[in-house]
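If you want the building blocks of each chain, they are given just below.
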Amino acid sequence: MERSTLDLWVGLFVCAGIGALLILALKVGNMSGFSTADTYQIYARFDNIGGLKPRAPVKSAGVVVGRVGEITFDNKKFMAKVVLTINKHYQFPKDTTASVLTSGLLGEQYIGLVAGGDDANLAQGDTLKLTQSAVVLENLISQFLYSKAAEGDTKK
Amino acid sequence: MAADNLIEIKDVDYWYDKRRAILSGIDMVIPRGKVVAIMGISGSGKTTLLRLIGGVMKARKGEVRVDGQLVSDLDTAGIYKLRSRMGMLFQFGALFTDMTVFDNVAFQMREHTNLPERMIRDLVYLKLNAVGLRGAHRLMPSELSGGMARRVALARAIALDPMLMLYDEPFTGLDPISLGVIRNLIRSLNDALGATSIVVTHDVQEALELVDYVYYMSDGKVVAHGTPQEMLANDEPLVHQFVYGEADGPVPFQYPSRNYGEDLKLGARHG
Amino acid sequence: MAERAVFSVRKLGHTTSDIVIRLGYAVRFIVLTLMHSGTSFRRFGLIIRELYYTGVQSLIIILVSGLFVGMVLGLQGYETLQTYGSESALGVLVALSLVRELGPVVAGLLFASRAGSAITAEIGLMKATEQLSAMEMMAVDPIARVVAPRFWAGFISMPLLAAMFSAMGIFGGYLVGVVLIGVDEGSFWSQMQNAVDFREDIVNGVIKSVVFGFAVTWIALFQGYDAPPTAEGVSGATTRTVVTSSLAILGLDFLLTSFMFRGV
């Protein structure tokens, strides 16, 4: 095989390969994943985080504004302590509520932020005061059964 | 005296495991400028000896000296330097199958020298002409006959004008014409290059016509040595059987086996 | 009876120690190859030549297989997702399956069978016809001249081939899902883009294919280099390359997947 023909084919091959990688990277995937420089961290405590995992999205009004960081157990308050890494572009007032929500009916859990009305905004290291824990299916069911039973009693 | 000998092998032993010695107590001297044959039946250790000279293997005991240098003293770089002054012709040529004849011969020149391509081209043609195959330079090794392939391999081996030529069974499987060609080439190249040649072979007829001196090996030892005339006149049974190609003798015809009668189950019949 | 048991145990021990010794030899082999890679990079033409034989000549099988795998994913995925009313997630299914697993693994298996066995056969044959010994006698290190360029060619080819496999596969899934079946084109791509994360999925897939490339090329080269210099020896070595490479790929895939996608 002629040297130049060989080089041509190999060159095309490598270009095609790199092209495929680029297609995958740009068109197929999304390059989201905020670099640490553009984010700030706030804390939230929950009675029950349910199935929340690190790297779960933090959304407000349905738009992803950040990611869940580390999840630890606060042994003094006996609550879950969650680190929220928020994109610097988005500022939230100090009385924002954080809830653990589920995507769809049985999907993965994420944090939903509902903004409050405070003038001052959350800064790096602040803790959210208002939180709502995850809905635990078993509690819901037992509540329902209990209320049904109570209803039955009053009817009698 | 030492300067006259290109290769000196003193009391060399080689084994893979101690129980089966491949070479024992080999003493050999290869004088400069001579063509020497090392002969013996298959398995007598001839190829191992070639490998020791080429530094591919190290002797377990004894000394191998090439051009005054102890081969076992050399490091990898030293061995490679030594090998670039040697040329070896392998039994079936061992040409590089993915290159043309031209590229095969040019291989060593391109790897070891900085010569410009024009000079390399001239040298390649020179070498190919010496073996009579200049016109075949564009062919691929798969397109060559056995004899032609070996000649190209020969041209490749002499590419850098080596001081020592090693031939591993150069006559095996060749037709009479090619045999004659190779035989003449070995002698003429040796004299033209001012080199020394070692021919490992078991082709008695060709060897005795060609060489200046013969070493005959059997079972890892040198059993006899001398000029071709001396070998022909040697009446030691082992040597005689080999030189005259006798079917049975010290090297038996029958592979070791049980008594024939036992194998045929003649039972009470045999004595 | 006890004798036979002892014999079996001893045989097992020998086999195990043989395997261990061979593994050690293989490690020494790859270390030597890496150390002698200088020549390959100084004379890059050597690598380019091998890139043609390993990479370019594997293109057809990789692209065609990628297309078919993607198309099957599209078909099967659609059937299953339809029962949950989630056909629009077809793009996600196809893309994630390919980028995370099928791309690196299947491309790796195909590479092992096509290019790996070719490398083993070539080197084994060179050994059997004494070409490697001839090279050594001409004071050229066969590891630097023959083995190392092929190693780097395989190492470079593998990730590129895996990426092309995945890309073709996604195209195949698109062909079947959107063009043939009629899944909504917009949601096909948009859901895919949302679900496939560059760092998590694509980069991990590339890392996998790099590791597979290293393993397969190493195995192929070693089996060829170590093959007995006979016809049966070489044919046995090529078979061993395909089998060992395939097992290695699947095993490494499990290891890598558990590190990468453990669900953090």
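The structure presented is a predicted model; accordingly, all values stated were derived computationally and were not measured.

Draft legend 1. Region of interest: the interface of chain B and chain C. Facing the 14 residues of chain B at the interface are 10 residues of chain C. With four residues, helix H3 (residues 101-112) of chain B is the single largest residue contributor to the side of chain B that touches chain C. When its residues are assigned to classes, the side of chain B that touches chain C shows eight nonpolar, four polar and two charged.

Draft legend 2. Up close: the sheet that holds strand E4 (residues 61-66) of chain B. All names here are of chain B. Sheet architecture is open: four strands sit in the order E2-E1-E4-E5, paired in antiparallel fashion. Edge positions in the sheet fall to strand E2 (20-31) and strand E5 (69-70), since each of these pairs with one other strand and no more. Of the pairings in the sheet, the one linking E4 to E5 comprises two bridges and is antiparallel in character. Its bridge partner lying in E5, Arg-65 is registered against Leu-70.

Draft legend 3. Up close: the pairing of strand E7 (residues 164-168) of chain B. Residues and elements named next belong to chain B. Within E7, five of the five residues are buried, leaving the element largely enclosed by the surrounding structure. Because side chains alternate across E7, one face comprises the buried residues Leu-164, Leu-166 and Asp-168, and the other comprises Met-165 and Tyr-167, equally buried. Bridge count between strand E6 (residues 86-89) and E7: four bridges; the pairing is parallel. In the strand pairing of E7, Met-88 is matched with Leu-166. Sheet analysis places E7 next to strand E8 (residues 196-201), joined by five bridges and oriented parallel. What sits directly across from Met-165, in E8, is Ser-197. Crossover handedness for the path E7 to helix H6 (residues 176-193) to E8: right-handed.

Draft legend 4. Spotlight on the interface of chain A and chain C. Facing the 21 residues of chain A at the interface are 26 residues of chain C. For the side of chain A that touches chain C, the class distribution of residues is 14 nonpolar, four polar and three charged.

Draft legend 5. Quick look at the sheet that holds E7 of chain B. All names here are of chain B. Taken in spatial order, the six strands make up an open sheet running E6-E7-E8-E3-E9-E10, and their pairing is mixed. Bordering the open sheet on either side are E6 and strand E10 (221-226), each of which pairs with just one other strand. The average angle at which neighbouring strand axes cross in this sheet is 15 degrees, direction not considered. Pairing analysis gives five bridges linking strand E9 (residues 213-218) to E10, with the strands arranged antiparallel. Considered in E10, the bridge of Met-217 is made with Val-222. Along the sheet, helix H1 (residues 46-53) makes contact with strand E3 (35-39), E7, E8 and E9, crossing E7 at roughly 155 degrees.

Each value, and the rule that gives it
Residues numbered from 1 in each chain as written. Chains lettered and ligands numbered in written order. Predicted model: local features only at pLDDT ≥ 70, side-chain atom pairs only at ≥ 80, totals over all residues. Contact = placed C-beta atoms within 7 Å. Helix = DSSP H or I, 4+ residues; strand = E, 2+ residues; numbered from the N terminus. Nonpolar A, V, L, I, M, F, W, Y, C, P; charged D, E, K, R; others polar. Pairing = 2+ DSSP bridges. Buried ≥ 20, exposed ≤ 12 C-beta atoms within 10 Å, placed from the backbone. Right-handed = clockwise from strand over helix to strand, strands pointing away. Axes fitted to C-alpha atoms, helices over the stretch in contact; angles between N-to-C directions.

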